[in-house]
Amino acid sequence: MSRCSVVVPRFQHVYATVSDSAIPLLVLVEGFSSSSFTFWYTPEKSNKVKYLSRYFESKFPSTQFGFVELPSMNNPAAQVLAIREHLSILNREDPSPSAVFVSAGTSTMALSMWFHARSNSWISLRKGLELTIWNPTEGTQRTSICVDGTTLTLQQILYSRGWIYNGKSLQNEGGIIGQDITVTYDAEQGVLSFLKNIKSSKSRVGERAVSFMSALLDEFGLNGATYEIRGPLSNRALNLMNPAIAHTEREGEEE
Amino acid sequence: MKKLITIFNPNDPTPTAMSIRTHNPSEVHVLLVKDKAYSNSQKNALGRFKSWTSGSIRPDDFPKHMWLPRMDWNSLVEMGTQVIYHHLDEISSFDVATLGPHIVVDFFSGSKEMNVGLMAHVQVTYPSNNIYELVVTQLSGAFVNIVSGIKKEPDYILSIRERVWLSSGKIALAGEKGSAEVGERIKNWELSFAKPGKIMPQNTEQLSEHLGSPEDDFDFEEGYWLEHFATHVMATWPDVLETRRQLHLMPATWSEFVAAAMSKDDLSYDAIGYPPRGYSEWPYGHDENGDRIKVQDYQKWRDWINDDQMLFFSNNTFTQEQLEYVWSFAFINDVDVVAIMKNGFWIFTECKHRTSLNPETSQRVLAIASSVAPRSSICAVVQSHKHTMTHPKQGVYVIMWPDLKNSLISIDSSDPIKIELYNHRGK
């Protein structure tokens, strides 16, 4: 029996933070497209905003999206004050029900957002396409909303971060190109996968692959994305590898 | 009487411990949520945390007389903190009402979802918010009140040895602490270009006096002085909390500790009195000449020698000097200089006062970074012949030692994930 609710709770406003991971914010908006969204971002993530904004506004023209810059990650006290000030104005102007998406951003940002928004409800996405909504103040049962993964396509997800894929190479608007890479999207699981096959055992080839995969990890984050390199890698390349990138020496043999 | 509430973080207990050090409370209520379902690695993390609270990480089977007391730190009891564990299926089953006033709820440790639940639970229990403070400890150890935005500095911060233990389960022996005061005196030291391709300091006798104790006899052709120099000068960087010279990582089991020490070629058996042919009786018999009968299986010989060496150390006592001597060889990984930054990042540095660099230097420093802090470390090689590279090369910053006078790596230039340091776009 499905745990998923057919009734989507209605929130006038949803607050969320722009983080490295691409999928969670896209799933959030698919799940609550009738709400308006305020996305907070720090200067460290500002390069993601123009692509996200373009994507959301073209896909959901009747939904209201706001992007608000916060002080840097290095100044959490100023972040709290900025969140408090912004939300006190919003609360005064429109006290309609709101919710906070807590699966992105730092604890300082998510917790102070939840406190100052006086939302009562939070939304989270630990993995996949299942959003959990809970009002911990009332202590009611958690509600699950299962988003249809087919409402997203591979090209849409890549476009939301300024990338395109032609079936062989991956390119972003800044000019970075990754050749001979396989990118897939599993609409059932809501997972984006990047796979790079290496045939040469030359260390430079492996190091370039690790470097490019690391850049992708920066672009698409950990939540809802997997990264794998198949083929021989030098010790130096292995030392540089982020633990989130899987490595298989040969097909079917995981290190 | 300050009462701290924090959710235990089973994937890495460092935030939980940091929160306790930061607030130095009279009581800490550690919430173990769904701990019956912890995986083995999470159970190990809880074990490491409990060892940390006890002030000693000496493994149970490690003989007391072989332990260095300076490896311990103050237990929470010695710090005046009582630890109370709460095993919970749900946050809401935590009985917060009995705690009374002066509560600090720190959301640094544990998932955000659980922490929102904890905040709501406290708010419902205490409608008046003058009973409690809602705070988040930061990676620097300072904490921010999420209601008022007020930031306060910590009472204490975790030492490098504590952090290594909590995050990796390895025992760390850290050398001399860097002094920003000494660093300020030496960071603009006059240079000598007398040797082609190698930048040397001038007035080396004077520099020696600043760098170490009178017993230290620095050979300025070798790299040892550079370790001291880098440790002190990096301590002047504004984003650095603490620097230490020589970080040695030891295995956390008695048998591996003995194997690590006794496998080093430079260790002298004479210095510790270990008999060259072993301490215990050879178990595989002797031939007619009284010589040992060789065993074909190498692993059997390896097991015997390890058991024999453990027995030797367990049955004998050693002078303090001998003990320090054994410990100085018992490492499985080491790095010349280590620094902790205010954002929780580590800087691991190798010092090479040579006219060339080999890839092994970079690999060593990258290996230790992977083992201690894979996602929050910066690797550097301080050297004497190449210009400083503003972008990391193959994951490692290459710094010419006179350039240490500038804070070359600042928090603003380091993103919270390591990938920024080995960045496709940065090349």
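Fair warning: this is a prediction, and the values are worked out from it, not measured in the lab. (Residues numbered from 1 in each chain as written. Chains lettered and ligands numbered in written order. Predicted model: local features only at pLDDT ≥ 70, side-chain atom pairs only at ≥ 80, totals over all residues. Heavy atoms only, no water.)

### Points about helix α4 (residues 107–117) of chain A
In terms of residue burial, α4 of chain A counts as a mostly covered element, since 11 of its 11 residues are buried. Phi turns positive, to about 50°, at Arg 118 of chain A, one or two residues after α4 of chain A. (Buried < 20%, exposed > 50% of the residue type's maximum accessible area, 1.4 Å probe, protein only. Helix = DSSP H or I, 4+ residues; strand = E, 2+ residues; numbered from the N terminus.)

### Things to note about unusual backbone geometry
Generally, phi is negative for residues other than glycine and the peptide bonds are trans, each holding for most cases. Residues and elements named next belong to chain B. Backbone geometry at His 102 places phi at a positive 60°, although glycine is not the residue there. With respect to the element layout, His 102 can be found in the loop between β3 (82–88) and β4 (103–106). Despite not being glycine, Asn 203 shows a phi value in the positive range, around 45°. Here Asn 203 shows up in the loop between β10 (200–201) and α6 (204–211). Asn 203 gets classed as partly exposed once you look at its relative accessible area, which sits at 44%.

### Considerations on the packing of aromatic side chains
All names here are of chain B. One pass over the structure, following the stated rule, counts 43 aromatic pairs over all chains. Measuring from centroid to centroid gives 6.4 Å for Phe 49 and Tyr 85, while their planes differ by 85°, and the two rings are edge-to-face. Of this pair, Phe 49 sits in helix α2 (residues 40–54) while Tyr 85 sits in strand β3, and the two are 36 residues apart along the sequence. For Phe 49, a relative accessible area of 0% translates into the label buried. (Phe/Tyr/Trp six-rings, centres within 6.5 Å; stacked < 30°, edge-to-face > 60°.)

### Comments concerning the sheet that holds strand β8 (residues 171–174) of chain B
All names here are of chain B. Spatially, β8-β11-β12-β13-β14-β15 is the arrangement adopted by the 6 strands of the open sheet, whose pairing is mixed. Strands at the two margins of the open sheet, each flanked by one partner only, are β8 and β15 (396–400). Sheet twist, expressed as the mean angle between neighbouring strand axes with direction ignored, is 35°. Note that β8 and strand β11 (residues 240–250) share 4 bridges and pair antiparallel. Paired with Leu 173 across the strands is His 248, a residue of β11. Sheet strands touched by helix α4 (residues 160–168): β8, β11, β12 (333–341) and β13 (346–352). Its angle to β11, the strand with the most contacts, is close to 55°. Docked against the sheet, helix α12 (residues 359–372) engages β11, β12, β13, β14 (377–383) and β15, running at close to 160° with respect to β13. (Pairing = 2+ DSSP bridges. Axes fitted to C-alpha atoms, helices over the stretch in contact; angles between N-to-C directions. Contact = heavy atoms within 4.5 Å.)

### Side note on the packing of helix α8 (residues 254–262) of chain B against helix α10 (residues 298–315) of chain B
Residue and element names in this part refer to chain B. Where α8 meets α10, the axes come as close as 9 Å, and the angle between the chain directions of the two elements is 100°. Judged on the interaxial angle alone, α10 and α8 are roughly perpendicular. For the pair α8 and α10, the contacting residues are Trp 254, Ser 255, Val 258, Ala 259 and Met 262 in the first and Asn 306, Gln 309, Met 310, Phe 313 and Ser 314 in the second. Here the residues of the contact of α8 with α10 sort into 6 nonpolar, 4 polar and no charged. (Parallel < 35°, antiparallel > 145°, perpendicular 65-115°, else oblique. Nonpolar A, V, L, I, M, F, W, Y, C, P; charged D, E, K, R; others polar.)

### Comments concerning the nonpolar core
The biggest cluster of nonpolar side chains holds 90 residues, and the ones touching the most others in it are Trp 52, Leu 118, Phe 313 and Trp 327 of chain B. No other element matches the 7 residues that α4 of chain A contributes to this core. Ignoring sequence-local partners within four residues, the contact set of Trp 327 of chain B consists of Phe 62, Met 66, Trp 67, Leu 68, Met 71, Ile 171, Leu 173, Met 250 and Phe 257 of chain B. The next biggest cluster of nonpolar side chains, apart from the first, holds 59 residues, and it includes Ala 104, Ala 209, Ala 225 and Ala 237 of chain A. (Core = buried A, V, L, I, M, F, W, Y, C linked by side-chain atoms within 4.5 Å.)

### As for α10 of chain B
Residue and element names in this part refer to chain B. For α10, with 18 residues, the first-to-last C-alpha span of 26 Å sits near the 26 Å given by 1.5 Å per residue. When we look at burial in α10, the residues that qualify are Trp 304, Ile 305, Asn 306, Asp 308, Gln 309, Met 310, Phe 312 and Phe 313. Looking at the buried residues of α10, the elements they touch are α8, α9 (269–272) and α11 (320–329). If you check the start of α10, you find a side-chain oxygen 3.0 Å away from the backbone N of Gln 299, and it comes from Asp 297. (Expected span 1.5 Å × (residues − 1). Polar contact = N/O pair within 3.5 Å; in protein donor to acceptor, adjacent residues only side chain to side chain.)

### Examining the sheet that holds strand β5 (residues 121–124) of chain A
Residues and elements named next belong to chain A. Overall, mixed pairing links the 7 strands, which are arranged β3-β2-β1-β4-β5-β6-β7 in an open sheet. Both edges of this open sheet fall to β3 (65–69) and β7 (143–146), since each of them pairs with a single strand only. This sheet shows a mean twist of 25° between the axes of neighbouring strands, independent of strand direction. Across 5 bridges, strand β2 (residues 36–41) lies against β3 in parallel orientation. If you follow Trp 40 over to β3, its bridge partner there is Val 68. Sheet strands touched by helix α2 (residues 49–59): β2 and β3. Its angle to β3, the strand with the most contacts, is close to 170°.

### Some points on the confidence of the model for chain B
Atom-level detail of predicted coordinates should not be read off regions where pLDDT is low. In this model, chain B carries an average pLDDT of 88, and 93% of its residues clear a pLDDT of 70 or more. Two summary scores accompany this predicted model of the complex, namely pTM at 0.84 and ipTM at 0.85. (pLDDT = per-residue confidence, 0-100.)

### A word on the domain arrangement of chain A
Residue and element names in this part refer to chain A. Taken domain by domain, chain A holds domain 1 (13–149) and domain 2 (154–254). Of note, the centres of domain 1 and domain 2, computed from C-alpha atoms alone, are 28 Å apart. Counting from both sides, the interface comprises 20 residues of domain 1 and, opposite them, 20 residues of domain 2. For the pair domain 1 and domain 2, the summed buried surface comes to about 1800 Å²; carbon and sulfur atoms form 49% of the total. For the pair domain 1 and domain 2, the interface holds 1 salt bridge. Among the ionic pairs, Glu 173 bridges to Arg 54, the shortest N-O distance being 2.9 Å. Along the contact surface separating domain 1 from domain 2 lie 12 residue pairs in polar contact (both at pLDDT 80 or more). When residues of the side of domain 1 that touches domain 2 are traced back to their parent elements, those giving at least two are α1 (23–31) and α2. (Domains from an automatic or database assignment. Buried area = accessible area lost by both parts, 1.4 Å probe. Salt bridge = Lys/Arg side-chain N within 4 Å of Asp/Glu carboxyl O.)

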